[in-house]
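Structure at a glance
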Amino acid sequence: AQTVTQSQPEMSVQEAETVTLSCTYDTSESDYYLFWYKQPPSRQMILVIRQEAYKQQNATENRFSVNFQKAAKSFSLKISDSQLGDAAMYFCAGVSYNQGGKLIFGQGTELSVKP
Amino acid sequence: SQTIHQWPATLVQPVGSPLSLECTVEGTSNPNLYWYRQAAGRGLQLLFYSVGIGQISSEVPQNLSASRPQDRQFILSSKKLLLSDSGFYLCAWSLGGTAYEQYFGPGTRLTVT
């Protein structure tokens, strides 16, 4: 079975600063994919970034980057130059290759951005 | 480009009434389709998923059912709603195969009174 754990229910960051959200993905599978989703107050889930487990290079999308440490099962999201629009709930999710595409979600981290 | 629609956006229904939530996807063929429920703004619970017309897998035994009458249409139903069915319902699609990322609709907020 796979589990996704987000240990930070809430985080806060000052505008223009950098913040890191933590996630661990525990699985016995060697092939899997990890994602970060953003859920703003509108509640629509938005895909932020994806990481394939077999890739050693960490994924980057503009101000968003991940630090994937496979041995430690760690998959953190770094947001640089935080903006007020980054305030949202962030969910980490994972799917293993043989699980029929079923994502397992963490419980979320609520990020607030202070002006 | 692909677009996913859900309706209605909000719904208030009495206990014991039926339910029908609809989800449609545009711009792709034979997508994998998913229904999730989110309670109290926290984690998502997968309810149903479908890899093709008429193929539905249920993840959680419950008062709900799902159907896929057309390739890009996914319907969530109930014959008699319970108070515990209240929540935020999200539909999602993916390309399938090794394209695991899912794209979500705007959601339906259901309140059972």
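Data block above holds the structure.
Now for a look at the structure at hand. Everything numeric here is computed off the predicted structure, so don't read it as measured data.

Moving on, we get to the environment of Leu19(B). All names here are of chain B. Here Leu19 is to be found in strand E3 (residues 19–26). The class for Leu19 is buried, based on a relative accessible area of 5%. Distance in space between the C-alpha atoms of Leu19 and Lys80 is 7.4 Å, their sequence separation being 61 residues. Ignoring sequence-local partners within four residues, the contact set of Leu19 consists of Leu11, Leu64, Leu76, Ser77, Ser78, Leu81 and Leu110.

All names here are of chain A. Enumeration according to the criterion identifies two disulfides over all chains in this entry. Shown here is the disulfide that connects Cys23 with Cys92, its sulfur atoms set 2.0 Å apart. Measuring the twist about the S-S bond at about -70°, one finds the Cys23-Cys92 disulfide to be left-handed. Linking Cys23 in the loop between strand E3 (19–21) and strand E4 (24–26) with Cys92 in strand E10 (residues 88–96), this pair joins segments that are 69 residues apart in sequence. Using a relative accessible area of 2% as the deciding quantity, one classes Cys23 as buried. Residue Cys92 is classed as buried on the basis of its relative accessible area, which comes to 0%.

Thresholds applied
- Residues numbered from 1 in each chain as written.
- Chains lettered and ligands numbered in written order.
- Predicted model: local features only at pLDDT ≥ 70, side-chain atom pairs only at ≥ 80, totals over all residues.
- Heavy atoms only, no water.
- Helix = DSSP H or I, 4+ residues; strand = E, 2+ residues; numbered from the N terminus.
- Buried < 20%, exposed > 50% of the residue type's maximum accessible area, 1.4 Å probe, protein only.
- Contact = heavy atoms within 4.5 Å.
- Disulfide = S-S within 2.5 Å.

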